[in-house]
Amino acid sequence: MTNSSQTPASAPAAVSTKAAVVEVDDITAGYLPGVNILTKCSLTAYDGELIGIIGPNGAGKSTLLKSIFGLVKVREGQIRLRGDDITNLKANKLVTKGVGFVPQTENVFPTLTIQENLEMGIFQKPKGLSERLEFVTEIFPELKKRLGQRAGSLSGGERQMVAMSRALMMGPHVLLLDEPSAGLSPVRQDEAFLRVKEINKAGVTTIMVEQNARRCLQICDRGYVLDQGHDAYTGTGRELLNDPKVIGLYLGTLGQDDD
Ligand SMILES: Nc1ncnc2c1ncn2[C@@H]1O[C@H](COP(=O)(O)OP(=O)(O)OP(=O)(O)O)[C@@H](O)[C@H]1O
Ligand SMILES: [Mg+2]
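What counts and how
Residues numbered from 1 in each chain as written. Chains lettered and ligands numbered in written order. Predicted model: local features only at pLDDT ≥ 70, side-chain atom pairs only at ≥ 80, totals over all residues. Heavy atoms only, no water. Donors = N, O, S within 2.8 Å, 3.2 Å for Na, K, Ca; no water. Helix = DSSP H or I, 4+ residues; strand = E, 2+ residues; numbered from the N terminus. Buried < 20%, exposed > 50% of the residue type's maximum accessible area, 1.4 Å probe, protein only. Contact = heavy atoms within 4.5 Å. Pairing = 2+ DSSP bridges. Axes fitted to C-alpha atoms, helices over the stretch in contact; angles between N-to-C directions. Parallel < 35°, antiparallel > 145°, perpendicular 65-115°, else oblique. Nonpolar A, V, L, I, M, F, W, Y, C, P; charged D, E, K, R; others polar. 1 Å grid on protein atoms, 1.4 Å probe; cavity = no way out; pocket = protein on both sides within 12 Å on 5 of 7 lines; lining within 4 Å. Points joined across faces, edges and corners; volume = space filled by probe spheres on them.

Visitor: Can you explain the coordination of the magnesium ion (ligand 2)? Please cite residues and give values.
Guide: Distances from the magnesium ion (ligand 2) to its protein donors, Ser-62 (OG) and Gln-104 (OE1), fall at 2.0 to 2.3 Å. In this pair, Ser-62 is assigned in helix H1 (residues 61–68) and Gln-104 in the loop between strand S6 (99–102) and helix H3 (114–120), connecting sequence segments 42 residues apart.

Visitor: Hey, could you go over the environment of Leu-94 for me, with residue numbers and the actual values?
Guide: As for its placement among the helices and strands, Leu-94 is situated in helix H2 (residues 91–96). Classification of Leu-94 by relative accessible area gives buried; the value is 0%. Each residue touching Leu-94, except ones within four places of it in the same chain, is listed here: Ile-68, Phe-69, Gly-70, Ile-86, Leu-89 and Val-99.

Visitor: Tell me about the pairing of strand S2 (residues 38–46), and please be specific about residues and values.
Guide: Most of S2 sits out of view: seven of its nine residues are buried. Here strand S1 (residues 20–30) runs beside S2; their pairing, made up of six bridges, is antiparallel. Paired with Ala-29 across the strands is Leu-38, a residue of S2.

Visitor: Which residues make up the packing of helix H5 (residues 156–168) against helix H6 (residues 186–201), and what values go with them?
Guide: At their nearest, the axes of H5 and H6 sit 12 Å apart, and the two run at 10 degrees to each other. Between H5 and H6, the interaxial angle falls into the category roughly parallel. Residue-level inspection shows Met-161, Met-164 and Leu-168 of H5 in contact with H6, the latter providing Glu-191, Arg-195, Val-196 and Ile-199. For the contact of H5 with H6, the residue count by class is five nonpolar, no polar and two charged.

Visitor: Tell me about empty space enclosed by the protein, and name the residues and values.
Guide: On inspection of all chains with the given rule, the structure shows two cavities of 30 Å³ or more. Size it by volume and the largest cavity reaches roughly 80 Å³. Lining the largest cavity are Phe-140, Gly-157, Gln-160, Met-161, Met-164, Pro-180, Leu-184, Arg-188, Glu-191, Ala-192 and Arg-195. Going through the elements one at a time, H5 and H6 are the ones with two or more residues in the lining of the largest cavity. Its residues assigned to classes, the lining of the largest cavity shows six nonpolar, two polar and three charged. The calculated volume of the second largest cavity comes to roughly 30 Å³. Partitioning the lining of the second largest cavity into residue classes produces six nonpolar, no polar and no charged.

As structure tokens, then:
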């Protein structure tokens, strides 16, 4: 549970009428026997929210997303999707339940074309291909003219677009994004955040890990600060941006909310 003076994760005032979509309830998880990376870590995403997860390198941000997506063993606690227990459910099952995941690295098949990458994203439901292609190329029109190009020849920003598009091909209700702005120029980062916002506005509950903490907190509805595998603070993006503890520990002077 979060040790925070901020609004508790269980009942955020701004979204109190919405249903919980993803609930991570005090989980302990890790890769190697006897080594826990996450310890009593909790997070709730309400319907339609954009949730940001920030924290220092090695805090367990990627591990948290991978735990939700069934890629890291959860040893204690529970993860629920719309109230159903999905703890340790395999990734392919989660995809059919409407969860999409874009990993931090190696998130495209470089030897495949953009079109083939997108087809990989919907191999479990191939009949929906043309409709979903239309949806993702509306959000990422740059990809439309280049469907035959190999993903390995794309820039970092373009690869991110392909990776996000692939995750969107199954029409997920929940999208887990691990550092969508990593490695991009400032202009491209802004663009990536706009696209994330657009996807979220289309009704996709989004949980985004970001190293660009300030930008992340500016656009998310609520944020979580992870520290040593635990949710140390939570609140609205604005609350966290202005919280002296969060500024001091994680944001530095960049944390000043000057909007
Ligand atoms: N496949 C793995 N096997 C064993 N340990 C791992 C593995 N992946 C990550 N870890 C360890 O888990 C801890 C948390 O890593 P994680 O990748 O979740 O951090 P992070 O917060 O995403 O960091 P970053 O900001 O650098 O992406 C680290 O100590 C890391 O070394
Ligand atoms: Mg990471």
